[in-house]
Amino acid sequence: MAQSLPLPADTMVGSALPALSDPRSRLVRNVMLAFAGSLLLVLAAKVKVPLWPVPVTLQTLAILALGAAYGPRLGLATVALYLGYGLAGLPVFTNTPPMLAGPLYFAGPTGGFLIAALPAVAVAGWAAARGASLLRLVAGLVAADLVILGLGCLWLAFGAQMASGATGIGLSSAWVAGVQPFLIGEALKVALAASLVGAGWTLLKRRG
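Fair warning: this is a prediction, and the values are worked out from it, not measured in the lab. (Residues numbered from 1 in each chain as written. Predicted model: local features only at pLDDT ≥ 70, side-chain atom pairs only at ≥ 80, totals over all residues. Heavy atoms only, no water.)

**Describing the overall build of the chain**
Scanning the chain from N- to C-terminus turns up eight helices and two strands. Each helix (α) and strand (β) of the chain, taken in turn from the N terminus, gives the series α-α-β-β-α-α-α-α-α-α. Relative to a compact globule of 208 residues, whose C-alpha radius of gyration would be 17 Å, the chain shows 17 Å and is just as compact. Referenced to the eigenvectors of the C-alpha coordinate spread, the extents of the chain come out at roughly 55 × 35 × 25 Å. (Helix = DSSP H or I, 4+ residues; strand = E, 2+ residues; numbered from the N terminus. Rg over C-alpha atoms; globule rule 2.2 N^0.38 Å.)

**Here's the deal with the packing of aromatic side chains**
Inspection of the entire model under this criterion finds three aromatic pairs. Taking the centre distance of 4.9 Å and the plane angle of 25 degrees together, the rings of phenylalanine 93 and tyrosine 105 count as stacked. Here phenylalanine 93 is found in the loop between helix H4 (72-87) and helix H5 (111-127), whereas its partner tyrosine 105 is found in the loop between H4 and H5, with 12 residues between them in sequence. On the basis of relative accessible area, phenylalanine 93 is assigned to the buried category, the value being 1%. Overall, tyrosine 105 belongs to the buried group, its relative accessible area being 4%. Between phenylalanine 93 and phenylalanine 106, the ring centres sit 5.6 Å apart and the planes meet at 90 degrees, which makes this aromatic pair edge-to-face. Taken together, the residues span a long stretch of sequence, with phenylalanine 93 in the loop between H4 and H5 and phenylalanine 106 in the loop between H4 and H5 at a distance of 13 residues. The buried category is assigned to phenylalanine 106, whose relative accessible area is 14%. Through a chain of ring-to-ring contacts, the aromatic side chains of Tyr82, Phe93, Tyr105 and Phe106 assemble into a single cluster. (Phe/Tyr/Trp six-rings, centres within 6.5 Å; stacked < 30°, edge-to-face > 60°. Buried < 20%, exposed > 50% of the residue type's maximum accessible area, 1.4 Å probe, protein only.)

**Concerning the layout of surface pockets**
If you add up the space inside the largest pocket, you get close to 670 Å³. At the level of secondary structure, the elements contributing two or more residues to the lining of the largest pocket comprise strand S2 (56-57), helix H3 (59-70), H4, H5, helix H6 (134-158), helix H7 (171-178) and helix H8 (183-207). Residue classes in the lining of the largest pocket are distributed as 18 nonpolar, seven polar and three charged. The computed volume of the second largest pocket comes to approximately 280 Å³. Along its surface, the second largest pocket is lined by 15 residues, and Ala132, Leu137, Val197, Gly198 and Trp201 are the ones closest to its centre. Of all the elements in the fold, those that place two or more residues in the lining of the second largest pocket are H6 and H8. Here the element with the most residues in the lining of the second largest pocket is H8; it accounts for six residues. Residue composition of the lining of the second largest pocket, grouped by class: nine nonpolar, four polar and two charged. (1 Å grid on protein atoms, 1.4 Å probe; cavity = no way out; pocket = protein on both sides within 12 Å on 5 of 7 lines; lining within 4 Å. Points joined across faces, edges and corners; volume = space filled by probe spheres on them. Nonpolar A, V, L, I, M, F, W, Y, C, P; charged D, E, K, R; others polar.)

**Remarks on the nonpolar core**
By size, the foremost hydrophobic cluster in this structure holds 44 residues, and its most contacted members are Tyr82, Phe93 and Leu141. Among the elements of the structure, helix H1 (12-16), helix H2 (23-46), H3, H4, H5, H6 and H8 are those that each provide at least two residues to this core. Ranked by the residues each element gives to this core, the list is headed by H3, at eight residues. When sequence neighbours within four positions are dropped, the list of residues in contact with tyrosine 82 reads Ser38, Leu41, Val42, Ala45, Gln59, Val92 and Phe93. Within the second largest apolar cluster, seven residues are counted, among which are Leu149, Ala157, Ala160 and Val179. (Core = buried A, V, L, I, M, F, W, Y, C linked by side-chain atoms within 4.5 Å. Contact = heavy atoms within 4.5 Å.)

Structure, rendered in C-alpha cells:
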C-alpha cells in the first residue's frame with residue numbers, strides 16, 4: 001500500500017517534505033496527509049461564498065488545490081476517502097443535512113459532481129507537476145473543472161433520481177440549473193487555484 005500512495009518529488013508536498021526511506025513511515029505520512037485533505041474537503045463543502053448569481057462552495061477549489069499539492073495518486077486516495085465518509089452515512093456533503101448521506105445520496109442530483117471529483121483531482125495533479133509550464137497548469141486546471149461540470153451536468157440530465165420520481169431533467173434544464181449559474185464562481189476558483197499553485201512553487205524554489 002505504501003507504494004500505491006507515493007509522494008513524488010515533482011509534487012508540491014513531495015518537494016516541501018523530507019524524503020523518507022522507510023516504507024512504513026511513508027505509509028503513515030501518506031495516510032495522515034489523505035486524512036487531513038479529506039477534512040479540508042469536508043470544510044470546503046460546508047463553506048458557502050455569496051457570489052453572483054448564486055452562492056458557491058469552496059469544494060472545487062479544494063479539489064484543484066489538493067490535486068496540485070498531492071499529485072494524481074494521493075489526490076485520488078484523498079478524494080476517495082472523502083467520498084467514503086459520505087457513502088458510510090456521515091454528513092460531509094454540502095446538502096447534508098438536511099438531506100441524509102449514504103449510497104442513495106449519490107443517486108441524487110449532485111451525485112455526478114461528486115464522482116467527477118475523482119478524475120478531476122487526477123487531472124489537476126498532472127497539470128501541476130513541478131516544472132510544468134504556466135499554460136499547462138492553467139489548461140489542466142480548467143480541464144479538471146470542466147470534468148466536474150461536464151460529468152455532473154450529464155448525470156443531472158440523464159441519470160439522477162429526482163424527488164418527482166423522474167430520471168434526470170434533460171440536458172437543457174441540467175445546463176441551466178446545474179452549470180450556467182456557477183460559471184463565474186468556477187472561473188474565479190480556477191484562477192485562485194492557479195495563483196496558489198504558482199505561488200507555492202515559487203516559494204519552494206526560493207527555499208531550495
